[in-house]
Amino acid sequence: MSTLAQEAFAEGFAALADVHGSTWTFGASSFAGVASPLQPDDPRLNGAPDRLIALTVKTSALPVPRPVRGSDLVQGGVHYRVTRVDPEVTGLTVLLLA
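Predicted confidence across the protein gives a mean pLDDT of 84, with 88% of residues reaching 70 or more. Ranking the elements of the protein by mean pLDDT puts helix H1 (residues 4–20) last with 74 and strand E4 (residues 72–75) first with 96.

And the structure:
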């Protein structure tokens, strides 16, 4: 059972995805996610300046098998490479893309 904070976070993410979400493809599977550019001072850029986008997705919406480092994702005909996967305890996963 999820906590009240996790439920609130999931509801907030669902609202954000309704407004700013887009469809991403991994292999033959599609899922919704919210992409945002990484800021130059983001610590996740340390040692990997090719990380340009943080894609936040609901962990349960990811296809099986899930994308891992080196996987290719497609959005709008543009190909991206997964450089890092950060699962969150909130039920969301952040994929850093190049």
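With the rule as written, the count across this model stands at one salt bridge. Asp86 is paired through a salt bridge with Arg84; the nearest N and O atoms lie 3.0 Å apart.

On to unusual backbone geometry. In this chain, Val64 is followed by Pro65 through a cis amide linkage whose omega measures 0°. Here Pro65 is to be found in the loop between strand E3 (53–58) and E4.

A few words on the side chain of Asp86. Mapped onto the secondary structure, Asp86 falls in strand E5 (residues 78–87). A distance of 3.0 Å separates the side chain of Asp86 from the side chain of Arg84, its partner in a polar contact.

A few words now on the nonpolar core. Trp24, Phe26, Phe31, Ile53, Leu55, Val57, Leu62, Leu73, Tyr80, Val82, Leu95 and Leu97 form the largest nonpolar core, which has twelve residues in total. Looking at this core, the elements with two or more residues in it are strand E1 (22–26), E3, E5 and strand E6 (92–97). Here this core takes three residues from E3, the largest share from any one element. With residues up to four places along the chain from it excluded, the contact list for Ile53 reads Ala35, Ser36, Pro37, Leu38, Tyr80, Leu95, Leu96 and Leu97. Core analysis: the second largest hydrophobic core is formed by five residues, Leu38, Leu45, Ala54 and Leu96 among them.

Now for the packing of aromatic side chains. Within the structure shown, the criterion is met by one aromatic pair. Consider the rings of Trp24 and Tyr80, whose centres lie 5.3 Å apart with planes at 55°: the pair is tilted. With Trp24 in strand E1 and Tyr80 in strand E5, this pair connects stretches of sequence that are 56 residues apart. The pair formed by Trp24 and Tyr80 is uniform in burial state, with each residue classed as buried.

Following the sequence through the fold, Ala10 ends up in helix H1. With 81 residues separating them along the chain, Ala10 and Gly91 place their C-alpha atoms 7.4 Å apart.

Assignment of secondary structure puts Leu55 in strand E3. Considered as a pair, Leu55 and Leu97 are 42 residues apart in the sequence and their alpha carbons are 7.2 Å apart.

What counts, and where the lines are drawn
Residues numbered from 1 in each chain as written. Predicted model: local features only at pLDDT ≥ 70, side-chain atom pairs only at ≥ 80, totals over all residues. Heavy atoms only, no water. pLDDT = per-residue confidence, 0-100. Helix = DSSP H or I, 4+ residues; strand = E, 2+ residues; numbered from the N terminus. Salt bridge = Lys/Arg side-chain N within 4 Å of Asp/Glu carboxyl O. Polar contact = N/O pair within 3.5 Å; in protein donor to acceptor, adjacent residues only side chain to side chain. Core = buried A, V, L, I, M, F, W, Y, C linked by side-chain atoms within 4.5 Å. Buried < 20%, exposed > 50% of the residue type's maximum accessible area, 1.4 Å probe, protein only. Contact = heavy atoms within 4.5 Å. Phe/Tyr/Trp six-rings, centres within 6.5 Å; stacked < 30°, edge-to-face > 60°.

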